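Architecture and fold: a report
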Amino acid sequence: SSDLITPLEEAVCRGLTEVVRSLLDARADVASGGPEDHLLCRAIQGQHKGVVELLLDRGACANQGTAGKESGKGPSPLVLAARRNCPEIARMLLERGASALEEPLDDMSLLALTSSAQVQLEAFVQKGTPGLEQDWRAQMRQDHIELVQLLQDKGVLKASPDRKSVV
């Protein structure tokens, strides 16, 4: 059944780039359910930059994600990268032609996502214990600022998330 996880899926989820490379080279069964695209989403969710890059190099679609299959729903890889606050992965996806054009303008749109995250991250940093924890939280906020800047530079995010309303 499709509940079984293939060795390739397991390696992707764990971020084992070299194992993923070896399995792909050995023509491993890509997935119980079909193309590499859902593996790309799993790699993004795990924030495994090396695996994301490898899957893109091997032909995973930067736009496909979990959409486009029979279900026809699911966030695009770019939105997943934004949810995970990963500017490096978002940049990689955009360089490979990712877009957010098909995103529904609902609570999970990029603007809503980045706006709410900005407010939450500010409070998140303030509540951190001074020292390593607060530094880590500040890095998360910095990644978010970089992510928003990237999305704006590429024209994916049309308005600034720190504005209260979009005209």
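Residues numbered from 1 in each chain as written. Predicted model: local features only at pLDDT ≥ 70, side-chain atom pairs only at ≥ 80, totals over all residues. Heavy atoms only, no water.

Overview of the overall build of the protein chain
Of regular secondary structure, the protein chain possesses eight helices and zero strands. Across the 167 residues that make up the protein chain, the buried fraction comes to 40%. For the protein chain, the proportion of contacts with a sequence separation of at least 24, taken over those separated by at least 6, is 60%. (Helix = DSSP H or I, 4+ residues; strand = E, 2+ residues; numbered from the N terminus. Buried < 20%, exposed > 50% of the residue type's maximum accessible area, 1.4 Å probe, protein only. Contact = heavy atoms within 4.5 Å.)

Re the nonpolar core
The biggest cluster of nonpolar side chains holds 34 residues, and the ones touching the most others in it are Val12, Val20, Leu40, Ile44, Val52, Leu55 and Leu93. Broken down by secondary-structure element, the contributors of at least two residues to this core are helix 1 (7-14), helix 2 (17-25), helix 3 (37-45), helix 4 (49-57), helix 5 (77-83), helix 6 (87-95) and helix 8 (132-153). (Core = buried A, V, L, I, M, F, W, Y, C linked by side-chain atoms within 4.5 Å.)

A short note on the confidence of the model for the protein chain
For the protein chain, per-residue confidence averages 76 on the pLDDT scale, and residues scoring 70 or more make up 69% of the total. The lowest-confidence element of the protein chain is helix 7 (residues 110-127), averaging 71 in pLDDT; the highest-confidence one is helix 2, averaging 94. The low-confidence segment residues 65-72, where pLDDT is below 50, has 16 contacts with residues more than four positions distant or belonging to other chains. (pLDDT = per-residue confidence, 0-100.)

Topic: unusual backbone geometry
Unusually for a residue other than glycine, Gln47 sits at a positive phi of about 60°. Positive phi outside glycine occurs at Asn85, with the angle close to 60°. Inspection of the secondary structure puts Asn85 in the loop between helix 5 and helix 6. The exposure class of Asn85 is buried, given its relative accessible area of 10%.

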